[in-house]
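Observations on chain architecture
So you can see what is in the structure, the chains are spelled out below.
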Amino acid sequence: MNPGDRVERVELSSFKFLAGCAVLSFFVFLTGRFFTFPAWVVALEILLTVASLFIFGSIRWRLNKNALTYGSALLIAATFWWIWWPASSARARVGIEGTWAFVEFLVRHLLSLRGLDEMIHADTLLFILGLTLFVSAIAQTRLLESISFSILRKSGGNVAWTLALIIALVDVDSGVLGGVSMIGLMNLAMII
């Protein structure tokens, strides 16, 4: 293949991928009753999901990122259930109080901010969501690009000086936001 040759992209079927993940998740969920999954299996599934998002977005074979994410989430949830459920206090509660008590527990904790805060620290998740929206809004506007090119013009085209000023700007923003890392924003600024 010559460097100038164009590679033909092949779009993989999102429906087939999701259907395959659903079948595999169901199989994992059924076998989990008889086989104990080690915790590293979930870590491997997450690693493969992240790697797949990069691989199937940039090579010859393409797969819709939403299909990949939701299909992988099904598989990860099915595996995680059998790692978490046998040792959980929820299982003991079901054994003592019955299944309906567990359903009430889930409704109380999943459908209220107080319950979510008790289970998964909803305040932290809401902060991360807000930060993600902030970074996304800045990345979607021309603000970052304008600032980067303005600094580049004022520095007379000196790239090292421009990068130093952009990094300083990101560090100040990070400090204002309570020390939250804005490395993604800095990387975007350096790419621009």
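As shown above, the structure is provided for reference.
Quantities reported herein were computed from a predicted structural model and do not represent experimental measurements.

1. Let's talk about the packing of aromatic side chains
In the structure shown here, the tally under the stated rule is 2 aromatic pairs. Considering the side-chain rings of Phe 29 and Trp 81, the 6.4 Å spacing of their centres and the 40° angle between planes classify their relative orientation as tilted. Highlighted residues: Phe 29 in helix 1 (residues 14-31) and Trp 81 in helix 3 (residues 65-84), separated in sequence by 52 residues. Each ring, one from Phe 29 and one from Trp 82, has its centre 5.5 Å from the other, and the planes form 45°; the classification is tilted. On the criterion of sequence distance, the pair formed by Phe 29 in helix 1 and Trp 82 in helix 3 is long-range, its members being 53 residues apart.

2. Concerning the nonpolar core
Grouped together as the largest cluster of nonpolar side chains are 9 residues: Val 28, Phe 37, Leu 75, Ala 78, Trp 82, Trp 85, Val 94, Phe 102 and Phe 105. Those elements giving two or more residues to this core turn out to be helix 3 and helix 5 (99-110). Top element by residues in this core is helix 3. It accounts for 3 residues. Not counting chain neighbours up to four residues away, the residues in contact with Val 94 comprise Trp 85, Thr 99 and Phe 102.

3. So, helix 3
The end-to-end C-alpha distance of helix 3 is 27 Å, a good match for the 28 Å that 20 residues give at a rise of 1.5 Å each. Buried within helix 3 we find Ala 67, Leu 68, Gly 71, Ser 72, Leu 75, Ile 76, Ala 78, Thr 79 and Trp 82. End-on view of helix 3: buried residues confined to an arc of 155°, all on one side of the axis. Away from its buried face by more than 90 degrees, helix 3 exposes Lys 65 and Tyr 70.

4. Section: the environment of Glu 11
Assignment of secondary structure puts Glu 11 in strand 1 (residues 10-11). If we ignore the near neighbours within four places in the chain, the residues touching Glu 11 are Arg 62, Leu 63 and Asn 64.

Calculation criteria
Residues numbered from 1 in each chain as written. Predicted model: local features only at pLDDT ≥ 70, side-chain atom pairs only at ≥ 80, totals over all residues. Heavy atoms only, no water. Phe/Tyr/Trp six-rings, centres within 6.5 Å; stacked < 30°, edge-to-face > 60°. Helix = DSSP H or I, 4+ residues; strand = E, 2+ residues; numbered from the N terminus. Core = buried A, V, L, I, M, F, W, Y, C linked by side-chain atoms within 4.5 Å. Buried < 20%, exposed > 50% of the residue type's maximum accessible area, 1.4 Å probe, protein only. Contact = heavy atoms within 4.5 Å. Expected span 1.5 Å × (residues − 1). Arc of directions from axis to C-beta.

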